[in-house]
Amino acid sequence: MKQTVKFEVELDENHLPLNIVMEANDGFTNEKNIKALMISAWAAQTRETLRIDLWTKDLPVNDMFIMFHQTMMSMSSSLEKATGNTQLAGALRDYCEFFVKETKIKAKG
């Protein structure tokens, strides 16, 4: 079985993202109003992370802070699940607490 996820980026006249749409062939994970996107992929042969970071020009900075916080919290959980290294995952969570204080965002949960 294969799953396809496609991102379509609408650009303005200066090639800045206006809107991002996500479509998946399962029909359940479609989203028409994405304001930021961060994709990381591991290129095994070159041992490098390939990245795409996009955000629309109307994304408020505070919303970007919230996205970064949620992404880092998710990364800490993934790190712990994938490696079993609770110490490193905990250190990342500690940084996330610092990030919340510095950005003055309110963490969910």
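A brief look at the structure comes next. (Residues numbered from 1 in each chain as written. Predicted model: local features only at pLDDT ≥ 70, side-chain atom pairs only at ≥ 80, totals over all residues. Heavy atoms only, no water.)

## Structural notes on the packing of aromatic side chains
The description of an aromatic ring pair uses the distance of the two centres, along with the angle that the planes make with each other. Overall, the coordinates contain three aromatic pairs when judged by the stated rule. For the pair F65 and F99, a centre-to-centre distance of 6.1 Å together with 90° between the ring planes defines the contact as edge-to-face. Pair noted here: F65 is in helix α1 (residues 61-83) and F99 is in helix α2 (residues 86-103), with a separation of 34 residues, a long-range link. By relative accessible area, which is 30% here, F65 ends up partly exposed. Ring geometry for Y95 against F98: centres 5.7 Å apart, planes inclined by 45°, an arrangement best described as tilted. Separated by three residues within a single helix, Y95 and F98 lie in helix α2, roughly one turn from each other. Judged by relative accessible area, which is 39%, Y95 ranks as partly exposed. (Phe/Tyr/Trp six-rings, centres within 6.5 Å; stacked < 30°, edge-to-face > 60°. Helix = DSSP H or I, 4+ residues; strand = E, 2+ residues; numbered from the N terminus. Buried < 20%, exposed > 50% of the residue type's maximum accessible area, 1.4 Å probe, protein only.)

## A closer look at the pattern of salt bridges
Counted according to the given criterion, the structure contains five salt bridges. The partner of D53 in a salt bridge is R51, with the nearest N and O atoms 2.5 Å apart. (Salt bridge = Lys/Arg side-chain N within 4 Å of Asp/Glu carboxyl O.)

## Side note on α2
Think of an α-helix as turning once every 3.6 residues; residues three or four places apart then point the same way. Compared with an ideal rise of 1.5 Å per residue, which puts 18 residues at 26 Å, α2 spans 25 Å between its outermost C-alpha atoms and is within 8% of the ideal. Looking at the buried residues of α2, the elements they touch are α1. Sitting at the amino-terminal end of α2 is N85, which places a side-chain oxygen 3.2 Å from the backbone nitrogen of Q87. Immediately downstream of α2, the backbone of K104 shows phi near 60°, a positive value. (Expected span 1.5 Å × (residues − 1). Contact = heavy atoms within 4.5 Å. Polar contact = N/O pair within 3.5 Å; in protein donor to acceptor, adjacent residues only side chain to side chain.)

## Concerning unusual backbone geometry
What you tend to see is this: most non-glycine residues have negative phi, and most peptide bonds are trans. The residue H15 is not glycine, and still its phi comes out positive at about 65°. Mapped onto the elements of the fold, H15 is located in the loop between β1 (5-11) and β2 (17-24). With phi around 55°, R47 is a residue other than glycine that occupies positive phi space. In this fold, R47 is placed in the loop between β4 (36-43) and β5 (48-55).

## Things to note about the environment of M38
Tracing the backbone through its elements, the reader meets M38 in strand β4. Residues M38 and L54 lie 16 residues apart in sequence; the distance between their C-alpha atoms is 6.5 Å. Apart from the residues lying within four places of it in its own chain, the contact partners of M38 are R51, I52, D53, M67, F68 and T71.

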